[in-house]
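Per-entry structural report
So the chains spell out like this:
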Amino acid sequence: MGVRGLQGFVGSTCPHICTVVDFRELAERHRSEHPGSTPTIVVDAMCCLRYWYTPESWICGGQWREYFSALRDFVKTFTTVGIKLVFFFDGMVEQEKRDEWVKRRLKNNKEISRIFQYIKSHREQPGRNMFFIPSGLAIFTRFALKTLGQETLCSVQEADYEVASYGLQNNCLGILGEDTDYLIYDTCPYFSIGDLCLESLSTVMLCREKLCESLAISLADLPLLACLLGNDIIPEGMFESFRYKCLSSYTSLKENFDKKGNVILAVADHISKVLHLHQGEKKLEEMLPLGPNKALFYKGVASYLLPGQKSPWFFQKPKGLITLPKQVVSMSSDSEPKQGVPMCADPEPKQGVPMCADPEPKQGVPMCVDPEPKQGVPMCADPDPKDGVPMCADPEPKQGVPMCVDPEPKQGVPMCVDPEPKQGVPMGADPEPKQGVPMGADPEPKQGVPMGADPEPKQGVPMGADPEPKQGVPMGADPEPKQGVPMCADPEPKQGVPMCADPEPKQGVPMCADPEPKQGVPMCADPEPKQGVPMCADPEPKQGVPICIDPESRQGVPIYAHTAIKQKLPLGADPEFKLEASMCTDPAIKQDHMHMEPEVKQVTMVSDPEILKVARAHHVQAESYLVYSIMSSGEIECGNTLEDALDQALPSQAFVYRPVRQRVYALLLGDGRDGASPCPTVKEWFVYSGNPLRHPDLVRPLQMNIPGGTPDLKSLWLNQEPGVQGRRLDALLGCFDLSSSREELQAVENPFKALCCLLIYLFVQVDTLCLEDLHAFIAQALCLQGKSTVQLVDLQLDYIDPRAVQLGSLLVRGLTTLVLVNSACGFPWRTSDFMPWNVFDGKLFHQKYLQAEKGHSVEALVEQNRSRLTKFHALKSVVCKACVKENRRIVSRQHGRSQQPGNRPYDPDHWRRYSPSSGWPN
């Protein structure tokens, strides 16, 4: 995480930038300097999970009671000395970081494979050096902290950016985390969670000012240094040859330093001695070998700029720029943006027009900041436009500024994507752009993105509008889609291009939704805009399927997707264009008169702004899981799970719970069966064995079977009438396809109701689960209620069974799925009823599993407790009767020994129970 090599450099080469500090002293100093202000530490929770998870056992599914206790002690230590904690969790994966996310997930797969090899060889848990955090830890940590009364927030963009912004804007004591990006942000002090000692309440503070002093550079140079070294946005290999050249010419090599340390010193030396000589006179691309990566590099640098901050490395007022008076294009997600976000355009964009912007500048990150922003946003214009190449759009186009206008707009919108994307798609410009949105185009942009578009436009929305927006909306895609770009493409995705294709393309198929087009083509956006939303437009929109309509658009712009797109030269396109697709903005651009910043309205999967606002609020307050991502961008992800890739008898949790997610999609987005709306498609980045993660799985909603029909979201979320709670429960059970078991489940006491629902679903879905598995799940939940944390800590296991390890993870992933379903249905059940510390303990389940495998009696499983025995039989009866209704008879493993892994041929579908509502494809 963070800047490549910087953590080791700080520890070995510049240890003097690390200072041991006492939080008590810092808090007292803060109170004296800021009377009435509570000293606050903003915590990057994702960096702290490994620190917080102190239980010795981690392999069995999680020691949740112990973990909850450790979190309580952590919080209490700070609150006792009057320090407030604010926790931030990742709420999404930014598109330019998707490659890094995939790389880590694939690396984790290898680690998990080694873990299972070790378990099979040694029958014990590996050492801490192979530690892998239990499944669902980040999700349940949010709810644990909220239970402990802590302010817990979930990001709507990259979490470290929101953490740094919060720390700066709220005058926080500092940031607690483990990410060298916090050394690059110009924000409050950065404290290491890895060096934190709770007993003394001391840790190490890493001083960015001392780092700059050691490197002979300024604070404003740190983002440039970070990008040249490589980070989560800029691949490490992108500037490897440049770093080698810096190292070769560096005259102060330290023999006692390692190579990486010398590389950092050499690059910093180049910045201070070479680049500074021409700062303000030459652009970065004239001083650095940016090549086709120029736009990505600018974006990487700008991603470190917090609200109100500027970079001296963004070239100011180069020759040949046009300035729009008193207009700044806002990229803020705030409906009332406080910070202007200028955009930078290259006057000679042969390699593309860089957008110096944070991937998701929720707070209004300056993108290319003009020292005199009142004079407007510079726009690039070629001094000698040839062949009718579109140029910058002037607010007064009548003055002769050529634009990309369809000469025959009656034929539709020009933005089709070629199935073989050798030919780019320029963007149509509104003949009368009211706001004067800057754009730039080069006559022969070999690598470029027209109209100020970044090659990886995660947030930036290059500005253009359709001359007749009623006919559709143009599309955007990454020119180098490393992960695969779902588009209107060849129905045989041999090129690695996933698609949402119907066998009969005449019907039209909606595109996959992605908030950032590097990985695909998003369909929607929040009415409080956060992300650029490129789309695919059908050249013959009458045959297309309208995906959604922006509630704020006066034009009512439908988004079209169509699988039958022939290879044509887009209207208004230069034949020399070689990018895959350009970008567009919604035609409804409103002017904020107070800040003189237009608000760019965007399209989302859900068109109701009231519902989106509620979903966003639940997301930000960390009260829901995945719901807002589904509704806003149509893209979700799930990381690694402890699953044995070689155990062919147990399916991956990604497949087991997919039908549930599909019904949730139907609830949130509709299933398109009414004919009035299209069938939406959700992109799933789920890790499972055999998935190379080159592109997402495109998943359609599954029709729900709910008595009385599927309720609408307003009635589920906003209606407070007495009978609505029953409808919410109907929706929840409908997502699990268990409406027929409503009465039996209603009779079950808490907290076992949710557990029984989950067990019924699991045993119906997975044929290879047996009676002993059911006994172990129920017995551990009952015994957990009577055990203290100390008893659970002292519990010892005879050995570790790899199948039990996977079963534990499968159940915990089911609990996270319950969080999704419960929040999507309006919270019919109390969240506490399916928190793992109330219904599951890894070691306890493992103990019961081993006992059941050995043939122990039910009385022994419930530890000879008569009350538990009565409850055991009652819960078992509910699960078994519900399974019988679904033609699933749960039998003992003794009847199926021949079906154990290794004794049967591989059949990838043998565990799937097909039914009209199962959700599995034919």
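The shown structure was predicted, so the numbers you read here are calculated from the model rather than taken from an experiment. (Residues numbered from 1 in each chain as written. Predicted model: local features only at pLDDT ≥ 70, side-chain atom pairs only at ≥ 80, totals over all residues. Heavy atoms only, no water.)

Focus: the sheet that holds strand S7 (residues 202-206)
The sheet built from 7 strands is open, its strands ordered S1-S7-S6-S5-S2-S3-S4 with mixed pairing. Single-partner strands in this sheet number two, and they are strand S1 (18-22) and strand S4 (151-154). Put simply, the sheet's adjacent strands are angled 30° from each other on average, direction ignored. Bridge analysis of S1 against S7 gives 5 bridges, and the strand direction is antiparallel. Across the sheet, the residue bridging to Val21 is Thr203, located in S7. Against the sheet, helix H6 (residues 137-147) makes contact with strand S3 (84-89) and S4, and its axis sits at roughly 155° relative to S3, the strand it touches most. (Pairing = 2+ DSSP bridges. Helix = DSSP H or I, 4+ residues; strand = E, 2+ residues; numbered from the N terminus. Axes fitted to C-alpha atoms, helices over the stretch in contact; angles between N-to-C directions. Contact = heavy atoms within 4.5 Å.)

Comments concerning the packing of helix H11 (residues 240-249) against helix H12 (residues 259-273)
Packing of H11 against H12 leaves a shortest axis separation of 8 Å and a crossing angle of 85°. When the interaxial angle is binned, H11 and H12 end up roughly perpendicular. Here Phe242, Arg243, Cys246 and Leu247 of H11 come into contact with H12, specifically with Lys259, Asn262, Val263, Ala266, Val267 and His270. A per-class count over the contact of H11 with H12 returns 6 nonpolar, 2 polar and 2 charged. (Parallel < 35°, antiparallel > 145°, perpendicular 65-115°, else oblique. Nonpolar A, V, L, I, M, F, W, Y, C, P; charged D, E, K, R; others polar.)

A closer look at the environment of Phe131
In this fold, Phe131 is placed in the loop between helix H5 (98-122) and H6. Separated by 73 residues in the primary sequence, Phe131 and Trp58 have C-alpha atoms spaced 7.4 Å apart. Those residues within four positions of Phe131 in sequence are excluded, and the remaining contacts are Arg50, Tyr53 and Trp58.

Topic: the side chain of Glu66
On the secondary structure map, Glu66 appears in helix H4 (residues 64-80). What Glu66 contacts, discounting residues up to four positions off in sequence, is Pro55, Thr789, Leu792, Val793 and Lys843.

Here we look at the pairing of strand S15 (residues 682-686)
S15 sits mainly inside the fold: 5 of its 5 residues count as buried. Burial of the side chains of S15 extends over both faces: Val682, Glu684 and Phe686 are buried on one face and Lys683 and Trp685 on the other. (Buried < 20%, exposed > 50% of the residue type's maximum accessible area, 1.4 Å probe, protein only.)

Some words on the sheet that holds S15
Taken together, 3 strands build an open sheet; the order of strands is S14-S15-S16 and the sheet is mixed. The outermost strands of the open sheet, each flanked by one partner alone, are strand S14 (635-638) and strand S16 (697-699). Here the strands of the sheet are splayed against their neighbours by 30° on average, with no regard to which way each runs. In this structure, S14 lies alongside S15, joined through 4 bridges in parallel fashion. Within the sheet, the bridge partner assigned to Cys638 lies in S15 and is Phe686. Lying over the sheet, H5 contacts S14 and S15, oriented at roughly 30° with respect to S14.

Thoughts on the environment of Ser303
Assignment of secondary structure puts Ser303 in the loop between helix H14 (294-302) and strand S8 (321-323). With a relative accessible area of 5%, Ser303 lands in the buried category. The spatial distance from the C-alpha of Ser303 to the C-alpha of Glu158 is 9.7 Å, given a sequence separation of 145 residues. Polar side-chain contacts of Ser303 include one of 2.6 Å to the backbone oxygen of Gly300. (Polar contact = N/O pair within 3.5 Å; in protein donor to acceptor, adjacent residues only side chain to side chain.)

A closer look at the packing of helix H10 (residues 222-229) against H14
Packing of H10 against H14 leaves a shortest axis separation of 8 Å and a crossing angle of 130°. It follows from the interaxial angle that H10 and H14 lie oblique. Taken as a pair, H10 and H14 cross one another with a handedness that is right-handed. Of the residues in H14, those touching H10 at Pro223, Leu224, Cys227 and Leu228 are Phe297, Gly300 and Val301. Counted by class, the contact of H10 with H14 contains 6 nonpolar, 1 polar and no charged residues. (Left-handed = near helix turned anticlockwise from the far one by under 90°.)

Considering the environment of Pro659
Topologically, Pro659 is positioned in helix H18 (residues 658-669). On the accessibility criterion, Pro659 (1% relative accessible area) is buried. For the pair Pro659 and Asp737, spaced 78 residues apart in the sequence, the C-alpha separation amounts to 9.0 Å.

Some details on the packing of aromatic side chains
Per the counting criterion, the structure on display carries 25 aromatic pairs. Grouped by ring-pair contacts, the aromatic residues Phe23, Tyr51, Trp52, Phe74, Phe78, Phe87 and Phe191 constitute a single cluster. Sitting over the face of the ring of Trp101, Arg98 holds its NZ or CZ atom 5.0 Å from the ring centroid. Positioned above the aromatic ring of Phe131, the side-chain terminus of Arg128 is 4.0 Å from the ring centre. (Phe/Tyr/Trp six-rings, centres within 6.5 Å; stacked < 30°, edge-to-face > 60°. Lys NZ or Arg CZ within 6 Å of the ring centre and 35° of its normal.)

A closer look at the pattern of salt bridges
Applying the stated criterion to the full structure yields 33 salt bridges. Where Asp773 meets Arg803, a salt bridge forms, and the shortest distance between an N and an O atom there is 2.9 Å. With a gap of 30 residues between them, Asp773 in helix H23 (residues 771-784) and Arg803 in helix H25 (residues 802-824) connect regions that are remote in the sequence. You'll find Asp773 and Arg803 in the same group, each marked buried. Its salt-bridge partner being Glu853, residue Arg893 comes within 2.7 Å of it at the nearest N-O pair. With Arg893 in the segment after helix H29 (866-885) and Glu853 in helix H27 (residues 842-853), this residue pair connects regions lying 40 residues apart in the sequence. Owing to a relative accessible area of 21%, Glu853 belongs among the partly exposed residues under this scheme. Salt bridges sharing common partners tie together Arg4, Glu100, Lys103, Arg104 and Asp232. (Salt bridge = Lys/Arg side-chain N within 4 Å of Asp/Glu carboxyl O.)

Brief notes about H18
Over its 12 residues, H18 extends 16 Å from the first C-alpha to the last, a length consistent with the 16 Å expected when each residue adds 1.5 Å. Within H18, 12 of the 12 residues are buried, which leaves the element mostly enclosed by the surrounding structure. Two residues or fewer after H18 comes Gly670, characterised by a positive phi angle close to 90°. (Expected span 1.5 Å × (residues − 1).)

Some thoughts on unusual backbone geometry
Cis geometry marks the peptide bond from Asn750 to Pro751, where omega comes out at 5°. Residue placement: Pro751 occurs in the loop between helix H21 (742-746) and helix H22 (752-765). Of note in the backbone geometry, Glu863 takes a positive phi value of approximately 60° without being a glycine. Within the secondary structure, Glu863 is located in the loop between helix H28 (858-861) and H29. Owing to a relative accessible area of 31%, Glu863 belongs among the partly exposed residues under this scheme.

Describing the confidence of the model for the chain
In the predicted model, the chain carries a mean pLDDT of 74, and the fraction of residues at 70 or more is 65%. Between residues 316-601, whose pLDDT stays under 50, and residues either more than four places distant or in other chains, the model counts 795 contacts. Here residues 897-922 scores under 50 on pLDDT; set against residues more than four positions off or in separate chains, the count is 51 contacts. (pLDDT = per-residue confidence, 0-100.)

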